[in-house]
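Take a look at the letters that make up each chain.
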Amino acid sequence: MRNIQTFQVFPFIPEPLAFLETLIRNVWWCWQRDAVELFRRINPGMWNECDGNPILFFTRIPQERLEELARDHGFLAHMERVRENFDRQVDHPPPQEPPYTADATVAYFSMEFGLHESVPLYSGGLGILAGDHLKAASDHNLPLVGIGLFYRQGYFRQYLNDDGWQQEAYPESDIYMLPVERARGASGEEIMVSVEGPEGTIHAMVWCIHVGRIPLYLLDTNVRENPPESRDITARLYSGGSRRRLTQELVLGIGGMRTLEALDRVPWVVHMNEGHSAFASLERLHHMVATHGIDLKTALEIIPRTTVFTTHTPVAAGHDDFPVDMVTPALKPFADLLGTDLKNIVAWGQPKGAGPDSPLSMFILGKRMSAYCNGVSELHGAVARRMWHHLWPGINEDEVPITHVTNGVHIATWTSAENKLLFERYIGPDWHRVTRQSSAGSRLDTIYDEELWHAHEISRARLIRTCRRRMAKQYGRRNAAITIMKEVEAVLDQDILTIAFARRFATYKRADLLLQDPERLEAMINHPERPVQFIFAGKAHPQDDEGKELIRRLVDFGRKASLRHRFIFIEDYDMHLARRLLQGADVWLNNPRRPFEACGTSGMKAAVNGVLNLSVLDGWWCEGYDAERGWPIGRGEELEDYDYQDRIEAQALYNVLENEIIPCFYERESGGLPLRWLGMMKASMKMAIQGFSAQRMVSDYNQLFYRAAAESYHDLLDDQAAEAVHRSQNSARLRKLWPQVMIDFPVTQAEGPLRVGDMLEISVMVNLGEIHPDEVEVELCYGHPRAVDRLDVTYHQKMTVAETLSDGRYLYSCQLPCNIAGRYGFTARVTPKGDIWTRYTPGLIAWS
């Protein structure tokens, strides 16, 4: 049979239940406990069978049941309570606060978005973070819109063969069962955009998903206008070679910007979540030039100052780059649109001084177009500055203009139902909106130990039931013998210490670190009085055989008859399984090789639920660790010999398990409760809720970047972009005149030894040529000398003009207070005066 056409019949919703049609089409419901319970009370068993997908759920509810609900006063009262919250949070939020107005738009670009397991548009941490960002932006009433791609096959579904080797399947999503609708323009027309790719024009239609009050626009190349190879561009996430990756990133960046233009939502601020969307800046430049009648140099003063770039990758090789001959066909049209040479456009994505054939780096292009750049934890910010220091020759590593905003997690999404009830009772009904208030943390201390432990035991029991169901499904697919099936259905014990490890199976995450000493591990697992059980889950990239080998090793170890009830691997890790693990485990294990974990937000989600972290001091745990709320593995070592590092950190892991964690869990006092453990649970929950929430993260982005960028957008465009024109002219002038700048060695006026409390006067001769002193900063840089010719610059002292000489020469001086005894070195430098974009212009610096 050929040319089969399909149609979908949805249930008829009685008028009293009309709000449910709105509710199921907005993923707001998934972080609202009351909304989830509203669905569950209709038919709890069927809700579970539908994996929490409300659209699928409603197609299976008999019409008779819907008519019955329309007459159920208790259900209608419950629905009205949910509707009132929806109206308050989504339909009628408070007015925008300055500098935003009703037409403000902050566009958030990301390659993936993890909203809920029923919307499979994510692979892992980057997507989950992006989803949490949108949810928190909705809670904060920020004028945000999301831009991504619509993957009909999503990321792969994982299953293991009999040998424990990962296999991949790519089922097509049923679009009728997703909360998507076609994006439409002001006149009601369906939005279509086109982008030039390496092999011709690519067309894309646009879908929209509502995330609370935030619209998420998703581009889909599966349209008739495209040839078959182009239709598959957005079929799968992170599949195919570099050409497929390039076309996806062109559609995301350029197509995403053209979508916003078609929707008449031209962004004041663009936030690029990783370098995948860096091409958006090219289209934004074109729109700026065409709309405001300015030249390219002026537009290049505006775009960076209104762009935020977040990098997540602590390894240079992990950033995308593309051969010049591959990107040339896609970028060539912009040469004409922008009135510049194609080589200039390509050079925006190449290191300064690189050859014309050097690959175009998406990181370098992203950073070249953004004044605001950040890593995702304090340590990662430092790693990124070290990794990209070469792009800013002449400045100190700690001054590289890459800061950090530590990631956070959407508390309401990841907290267990039982803990939500506790938080509502002890903190208040809007507990997830007041997480940063000190009173919220202090109220957690008042939760009765019995209540908290009971809630956790319910979560652990739910986790074990989930694992048993999934294990039965895994072995049933392999046609396992009935004796094996019965054993599988009884894996794990509800009363023993449960440790979970769930994440992407990349080699640096060292999932097999526990297997360094198998006999010692087995003795821990099967201890007669204090046993331990381990649950593993996670996917390796389809092309990562080393990651797949890690999974196979774990599965093989767990096959021993003495271990298979307490050491298991659960297939097809997704957001549903993640919630069960993060809420029900006792300890969350994370042992990456430092410093390759940029952040690691799963540990934050665990901490929110009172699950204690056991982790290498990497990523967020460097900031979150305290002996009162978790344990470190090692002391934060970074060694070049990886084998040696693995051996010593495996020993550290065994030691902390045997000597601290296991005794603490089984230490039961009056009432049979682990009181010390419960105290650590409360401390962990307070730490995560107050310091590592997505609400805090989005607030940081808003305060540090979005507001300043939005203000710059208007300041630079007002009065026919007069300020931007002035900055462009001044920038060109400084670049032309900077070779005249010279600075002598600074000299002191001191005689004899200095004592604490003395003032040291230092002066330096500076030749500025035609540049005026008001245009530069002259600074004394001092600190402790590391070697004869090396200085750890720790302090900066501004120097002022003491004397104006002839021919553009000036004598600068300052007084340096001698506050702390020790040996110091000093030097001086000249930099342009201005904002961060001007001050750290590569090449504009002079040292004595």
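These numbers come from a predicted model, not from an experiment. (Residues numbered from 1 in each chain as written. Predicted model: local features only at pLDDT ≥ 70, side-chain atom pairs only at ≥ 80, totals over all residues. Heavy atoms only, no water.)

A.B. asks: Describe helix α27 (residues 675-691), naming the residues involved and giving the relevant values.
C.D. replies: Over its 17 residues, α27 runs 24 Å from end to end, which matches the ideal 24 Å to within 8%, given 1.5 Å per residue. Along α27, the residues classified as buried are W677, L678, M680, M681, K682, A683, S684, M685, M687, A688 and I689. (Helix = DSSP H or I, 4+ residues; strand = E, 2+ residues; numbered from the N terminus. Expected span 1.5 Å × (residues − 1). Buried < 20%, exposed > 50% of the residue type's maximum accessible area, 1.4 Å probe, protein only.)

A.B. asks: Explain the sheet that holds strand β15 (residues 497-502) residue by residue, including any values.
C.D. replies: If you trace the 6 strands from one edge of the open sheet to the other, you get β17-β16-β15-β18-β19-β20, paired in parallel fashion. The open sheet has two free edges, formed respectively by β17 (567-570) and β20 (630-633), since each of these has just one partner strand. Direction aside, the axes of adjacent strands within the sheet are offset by 20° on average. Pairing analysis gives 2 bridges linking β15 to strand β18 (residues 587-590), with the strands arranged parallel. Counted as the bridge partner of I499 is V587 from β18. Here helix α19 (residues 449-477) sits on the sheet and contacts β15, β16 (532-537) and β17; the angle it forms with β17, its principal contact strand, is near 70°. Against the sheet, helix α23 (residues 575-584) touches β15, β16, β17 and β18, its axis set at about 155° to β16. (Pairing = 2+ DSSP bridges. Axes fitted to C-alpha atoms, helices over the stretch in contact; angles between N-to-C directions. Contact = heavy atoms within 4.5 Å.)

A.B. asks: Account for the side chain of H271, naming residues and giving values.
C.D. replies: In this fold, H271 is placed in strand β9 (residues 269-273). Only 2.8 Å separates the side chain of H271 from the side chain of T310, close enough to count as a polar contact. Residues contacting H271, with those up to four places away along its chain left out, are A107, Y108, F109, H133, V308, T310, Y701 and Y706. (Polar contact = N/O pair within 3.5 Å; in protein donor to acceptor, adjacent residues only side chain to side chain.)

A.B. asks: Tell me about unusual backbone geometry, and name the residues and values.
C.D. replies: The omega angle of the peptide bond from P98 to P99 is 10°, so this bond is cis rather than trans. As for its placement among the helices and strands, P99 is situated in the loop between α6 (73-91) and β1 (106-110). For the peptide bond that leads from R594 to P595, omega is 10°, which places it in the cis range. As for its position among the elements, P595 is in the loop between β18 and α24 (602-608). Unlike most non-glycine residues, D51 shows phi in positive territory, near 55°. Relative to the assigned elements, D51 resides in the loop between α3 (44-49) and α4 (54-60).

A.B. asks: With reference to specific residues and values, describe the packing of aromatic side chains.
C.D. replies: By the definition in use, this model includes 36 aromatic pairs. Centre to centre, the rings of W631 and W677 are 5.6 Å apart; their planes meet at 40°, and the pair counts as tilted. With W631 in strand β20 and W677 in helix α27, the pair connects residues that are 46 residues apart, well separated along the chain. When its relative accessible area of 5% is taken as the criterion, W631 is described as buried. When the centroid spacing of 5.2 Å and the interplanar angle of 85° are considered together, the rings of F665 and W677 count as edge-to-face. You can see F665 sitting in helix α26 (residues 642-665) and its partner W677 sitting in helix α27, a full 12 residues away along the chain. A relative accessible area of 0% means that W677 is categorised as buried. Three or more aromatic residues link up through ring pairs in this structure, and these residues are F501, F505, F534, F536, F557, F567 and F569. Over the face of the ring belonging to W207 we find R182, whose NZ or CZ atom lies 5.7 Å from the ring centre. (Phe/Tyr/Trp six-rings, centres within 6.5 Å; stacked < 30°, edge-to-face > 60°. Lys NZ or Arg CZ within 6 Å of the ring centre and 35° of its normal.)

A.B. asks: Which residues make up the pattern of salt bridges, and what values do they have?
C.D. replies: One pass over the structure, following the stated rule, counts 44 salt bridges. One salt bridge connects E190 with R182, and the closest N-O pair in it is separated by 3.1 Å. Of the charged contacts in the structure, one is a salt bridge between K509 and E597, with a shortest N-O distance of 2.9 Å. With K509 in the loop between β15 and α21 (518-525) and E597 in the loop between β18 and α24, the pair connects residues that are 88 residues apart, well separated along the chain. In this structure, K509 and E597 share a single accessibility class: buried. Shared partners join several salt bridges into a network, and the residues in it are E301, R305, E723, R727 and D835. (Salt bridge = Lys/Arg side-chain N within 4 Å of Asp/Glu carboxyl O.)

A.B. asks: How would you sum up a nonpolar patch on the surface? Please name residues and give values.
C.D. replies: On the surface, Y795, I820 and Y824 cluster together to form a nonpolar patch covering roughly 280 Å² of accessible area. Position of I820 among the secondary structure elements: in the loop between β26 (809-817) and β27 (825-832). (Patch = residues over 30% accessible without salt bridge, like charges linked within 9 Å, V, L, I, M, F, W, Y side chains within 5 Å. Areas by Shrake-Rupley, 256 points an atom, 1.4 Å probe, with all protein chains shown as cover.)

A.B. asks: An account of the pairing of strand β4 (residues 166-169) is needed here, citing residue identities and associated values.
C.D. replies: Where strand β3 (residues 157-160) meets β4, 4 bridges bridge the pair, whose relative direction is antiparallel. Each residue of the ladder has a partner; that of L160, found in β4, is Q166. Where β3 folds back on β4, the antiparallel hairpin that results is connected by 5 residues, among which G164 adopts a positive phi of roughly 85°.

A.B. asks: For the nonpolar core, give the residues involved together with the corresponding values.
C.D. replies: L17, F58, I209, F279, W348 and Y706 are the most contacted members of the largest nonpolar core, which totals 155 residues. Here the element with the most residues in this core is helix α28 (residues 694-737); it accounts for 13 residues. Residues in contact with F58, not counting those within four places in the same chain, are P11, I13, L20, I24, F39, I42 and L66. V488, I499, A585 and W621 belong to the second-largest nonpolar core, a separate cluster that totals 102 residues. (Core = buried A, V, L, I, M, F, W, Y, C linked by side-chain atoms within 4.5 Å.)

A.B. asks: Can you tell me about the pairing of β18, naming the residues and giving the values?
C.D. replies: The alternating pattern of β18 places V587 and L589 and W588 and N590 on opposite faces, both of which are buried. Examined bridge by bridge, β18 and strand β19 (residues 612-616) share 4 bridges and lie parallel to one another. For V587, the partnering residue across the bridge sits in β19 and is L612. Assessed by its sense of winding, the connection that carries the chain from β18 through α24 to β19 is right-handed. (Right-handed = clockwise from strand over helix to strand, strands pointing away.)

A.B. asks: Run through the side chain of S118, naming residues and quoting values.
C.D. replies: Mapped onto the fold, S118 is located in the loop between β1 and α7 (125-140). A distance of 2.8 Å separates a polar atom in the side chain of S118 from a polar atom in the side chain of H116.

A.B. asks: Please provide a residue-by-residue account of the environment of I458, values included.
C.D. replies: Take I458: it is sitting in helix α19. Judged by relative accessible area, I458 falls into the partly exposed class, the value being 30%. In the structure, I458 is positioned 53 residues away from V405 in sequence and 34 Å away in space, judged by C-alpha atoms.

A.B. asks: Please set out a negative patch on the surface residue by residue, giving values where relevant.
C.D. replies: Together, E711, D715, D718 and D719 make up a negatively charged patch on the protein surface. Residue class for E711 comes out partly exposed when judged on its relative accessible area of 41%. (Lys, Arg positive; Asp, Glu negative; His and termini not counted. Charge placed at Lys NZ, Arg CZ, Asp CG, Glu CD.)

A.B. asks: Can you break down the packing of helix α9 (residues 242-262) against helix α12 (residues 324-338) residue by residue, with the values?
C.D. replies: Between α9 and α12, the least distance of the axes is 10 Å, while the angle of their chain directions is 20°. Taken together, the axes of α9 and α12 are roughly parallel relative to one another. Viewed along their axes, α9 and α12 form a crossing whose handedness is right-handed. The segment α9 lies against α12, with S242, R243, L246, L250, I254 and R258 engaging M326, V327, A330 and F334. Residue composition of the contact of α9 with α12, grouped by class: 7 nonpolar, 1 polar and 2 charged. (Parallel < 35°, antiparallel > 145°, perpendicular 65-115°, else oblique. Left-handed = near helix turned anticlockwise from the far one by under 90°. Nonpolar A, V, L, I, M, F, W, Y, C, P; charged D, E, K, R; others polar.)

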